[in-house]
Amino acid sequence: MRLAGGWLPHLMSCRLRRRLAAVGLLLAASCAVGAQARPLVGRPAADAVPAAAAAQADDDATLLIGFAGPLTGPSAGVGKSMQNAVQLAVDEANRKGLRIAGKSYRLKMTAQDDRADPATAEYVARYLVSQRVVGVVGHWNSGASLAAAPIYHAAGVIQVSPATMSRKFTAQAYPAVFRTIPNNDSVGQFAAEYAVRKLGVKTLATIDDRTPFGQGLAEQVARTARELGVEVIGSYSVSDKTSDFNGPLLAIRKRAPDMIFFGGLDWQAGLLAKAIKRLKIDSRLMGSAGTVGLPFLMQAGADGNGALVLEPGPAPEKMPGWKSFRQRYGQSFDTNIDLYATFAYDAAQALINAMRQAGGTDGAAIALEMHKLRFAGVSGTIAFNDEGDLLHPTFTMYEVQDQRWVPLFQVGGGTPR
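Residues numbered from 1 in each chain as written. Predicted model: local features only at pLDDT ≥ 70, side-chain atom pairs only at ≥ 80, totals over all residues. Heavy atoms only, no water.

Engineer: Any chance you could explain the sheet that holds strand β5 (residues 158-161) here in plain terms?
Structural biologist: In a beta sheet, neighbouring strands are held together by backbone hydrogen bonds and run either parallel or antiparallel to one another. Ordered in space as β2-β3-β1-β4-β5-β6, the 6 strands form an open sheet in which the pairing is mixed. The two strands at the open ends of the sheet, each matched to only one other strand, are β2 (98-100) and β6 (177-179). Sheet twist, expressed as the mean angle between neighbouring strand axes with direction ignored, is 30°. Of the strands in this sheet, β1 (62-69), β2, β3 (103-113), β4 (135-137) and β5 touch helix α13 (residues 341-358), which is tilted by about 165° from β4. Its contacts with the sheet place helix α14 (residues 363-372) against β5 and β6, and it is angled at close to 35° to β5. (Pairing = 2+ DSSP bridges. Helix = DSSP H or I, 4+ residues; strand = E, 2+ residues; numbered from the N terminus. Axes fitted to C-alpha atoms, helices over the stretch in contact; angles between N-to-C directions. Contact = heavy atoms within 4.5 Å.)

Next up, the structure:
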């Protein structure tokens, strides 16, 4: 088993109590939605629940966990890997046994494809609420998570994202929203600090895809860079579906900045890398978190060499639970492990652990326990602040060398090491 992309060799305050009280007021609405709603998207994927588990489960003692992410389209690889990781956590919990208030339960996962699209994510969220899921691991991109969050919030459903980085996600002050990775603010800050202090960047241009994730990250990078004395010669936006970067790049070429930062998804970053080389622009490319993996390498080819990306978490071989996770994953699924699978597994573990500690299936009680959690996850220590953000996040800087992703160094608590 190896990680997708071959980038490693073979591989409660008062404020919080007030917010949690809001969840309790919404639980009745959740029951009403669950009793009356009809599926608005396709039925759960057939492989989302193992046949043996479904046959053994008693409907009166079954708890549903939802997964929402891209299972088709350019990001299907990362979506499927995250789905597998959640399924692994569910299967392991069932083998261990889940008892809540003296009653035994079985868990089922129901997976839905949001196509990394905000409009589809709304339909997916309504469908999952109608199925009375206790919580949802998802979504992947920030646009989808932000579209779905109000629906889960209104129904008192826990939402734990393994990949959403937009600061807006947890800034909504929903008491049952969490994430197992850092937010844009910290990613953008560390990325800019590395560019300035380690690479000596003095001029910078940014391009973003107009999404909450991409634009928010590019803005944070530019803001931090300015604070460090860098001249930001221009900030440009493109569609999140375009493959044409000629407009901004022709303008950027006139100023020849030391670095171009791109806020957007992996496959577009790969196309941007090729365009930079084609137009003979002598600028270093830094991509967004989420770029490490096969899609960038496949799109960029040799033109991607030298590209940099700051990703959440330690490099996999430095994750405390990586070796065991990789073995267990490989025994269950004959697919590559994407970088974000570990964060999805930890998200599912957080939800399951909080259910055990809550002593019931009440959403407000589970949310309260989520805020109290502290455990050793695969990616590191999992604990959340009042807003649901990950405490003390860690990052790793990667570079493309010979068309392979190579980890350079780890950052934690603001100190490179």
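Engineer: Could you clarify how one ought to interpret the layout of surface pockets in this entry?
Structural biologist: Its volume calculated, the second largest pocket comes out at about 370 Å³. In terms of lining residues, the second largest pocket is bounded by 19 residues, among which A116, N141, D240, K241 and L265 are the most central. Counting residues per element, the ones that place at least two in the lining of the second largest pocket are α5 (142-155) and α8 (212-227). Here the lining of the second largest pocket is composed, by residue class, of 7 nonpolar, 7 polar and 5 charged. (1 Å grid on protein atoms, 1.4 Å probe; cavity = no way out; pocket = protein on both sides within 12 Å on 5 of 7 lines; lining within 4 Å. Points joined across faces, edges and corners; volume = space filled by probe spheres on them. Nonpolar A, V, L, I, M, F, W, Y, C, P; charged D, E, K, R; others polar.)

Engineer: Please explain the pairing of β5 as it appears in this structure.
Structural biologist: For a regular strand, side-chain orientation follows a simple rule: the groups alternate between the two sheet faces. The side-chain alternation of β5 yields two buried faces, one formed by I158 and V160 and the other by Q159 and S161. Read as a crossover between parallel neighbours, the route from β4 over α5 to β5 is right-handed. Two elements, β5 and β6, share 3 bridges in a ladder whose sense is parallel. What sits directly across from S161, in β6, is R179. (Buried < 20%, exposed > 50% of the residue type's maximum accessible area, 1.4 Å probe, protein only. Right-handed = clockwise from strand over helix to strand, strands pointing away.)

Engineer: How should empty space enclosed by the protein be read in this particular structure?
Structural biologist: Where empty space is left in the structure can be found by rolling a water-sized probe over the atoms. Computed from the structure, the largest cavity encloses a volume of approximately 110 Å³. Surrounding the largest cavity, 13 residues form its lining, W140, A163, F213, L265 and A289 being those nearest its centre. Considered class by class, the residues forming the lining of the largest cavity number 7 nonpolar, 5 polar and 1 charged. Roughly 40 Å³ of volume is contained in the second largest cavity.

Engineer: Mind showing me how you'd approach the side chain of E399 here?
Structural biologist: Among the secondary structure elements, E399 is positioned in strand β14 (residues 394-401). The exposure class of E399 is buried, given its relative accessible area of 15%. Dropping the residues within four chain positions of it, E399 is found in contact with R284, G306, A307, L308, R404, W405, V406 and L408.

Engineer: I would appreciate a short explanation of the pattern of salt bridges in the present structure.
Structural biologist: Side chains that carry opposite charge are capable of pairing whenever their charged atoms lie near each other. Across all of its chains, the model carries 12 salt bridges by this definition. R255 is the salt-bridge partner of E231, the closest N and O atoms lying 2.9 Å from each other. Separated by 24 residues along the polypeptide, E231 in strand β8 (residues 231-237) and R255 in the loop between α9 (246-253) and β9 (259-263) bring together distant segments of the chain. Residues K241 and D240 are paired through a salt bridge, measuring 3.4 Å at the closest nitrogen-oxygen approach. Residue D240 is classed as partly exposed on the basis of its relative accessible area of 29%. (Salt bridge = Lys/Arg side-chain N within 4 Å of Asp/Glu carboxyl O.)

Engineer: It is not clear to me how unusual backbone geometry should be interpreted in this structure. Could you clarify?
Structural biologist: Glycine aside, residues mostly have negative phi angles, and peptide bonds mostly take the trans form. Following G138, the chain continues to H139 via a peptide bond in cis, the omega torsion being 0°. Along the chain, H139 falls in the loop between β4 and α5. Backbone geometry at A116 places phi at a positive 55°, although glycine is not the residue there. Inspection of the secondary structure assignment puts A116 in the loop between β3 and α4 (118-130). Of note in this structure, Q403 is not a glycine but carries a positive phi near 60°.

Engineer: How should I be thinking about the environment of G270 in this particular structure?
Structural biologist: Examined against the element boundaries, G270 turns out to sit in helix α10 (residues 266-278). Given a relative accessible area of 0%, G270 falls into the buried group. Expressed as a C-alpha distance, the spacing of G270 and G287, which sit 17 residues apart in the sequence, is 9.2 Å. The residues touching G270, leaving out its near neighbours within four places in the chain, are F296, Q299 and A300.

Engineer: What is the right way to read the packing of helix α3 (residues 76-96) against helix α12 (residues 322-332) from this model?
Structural biologist: Helix-helix packing is characterised by the crossing angle of the two axes and by the distance between the axes. Remark: α3 packs on α12, axes separated minimally by 10 Å, with the N-to-C direction vectors making an angle of 95°. Taken together, the axes of α3 and α12 lie roughly perpendicular to each other. Along its contact with α3, which presents S81, N84, A85, L88 and E92, the element α12 presents F325, R328, Y329 and S332. For the contact of α3 with α12, a count of residues per class yields 4 nonpolar, 3 polar and 2 charged. (Parallel < 35°, antiparallel > 145°, perpendicular 65-115°, else oblique.)

Engineer: What's the story with the confidence of the model for the protein in this structure? I'm lost.
Structural biologist: Regions with low pLDDT carry predicted coordinates that are not meant to be interpreted in detail. Per-residue confidence for the protein gives a mean pLDDT of 87; residues scoring 70 or more make up 84%. Note that residues 1-59 has pLDDT below 50 and, in this model, 129 contacts with residues that lie over four places away or in other chains. Low pLDDT, under 50, characterises residues 413-417; the predicted model gives this stretch 11 contacts beyond four residues in sequence or across chains. (pLDDT = per-residue confidence, 0-100.)

Engineer: Whenever I open this one, the packing of aromatic side chains confuses me. Can you help?
Structural biologist: Centre-to-centre distance and the angle between the planes together describe a pair of aromatic rings. Inspection of the entire model under this criterion finds 10 aromatic pairs. Arranged with centres 4.7 Å apart and planes meeting at 55°, the rings of F190 and F395 form a pair that is tilted. Here the residue F190 occupies a position in helix α7 (residues 184-197), and F395 occupies one in strand β14, the gap between them amounting to 205 residues. Of the two residues, F190 and F395, both sit in the buried class. Among the aromatic side chains, those forming a connected cluster through ring pairs are W322, F325, Y329, F333 and Y345. (Phe/Tyr/Trp six-rings, centres within 6.5 Å; stacked < 30°, edge-to-face > 60°.)

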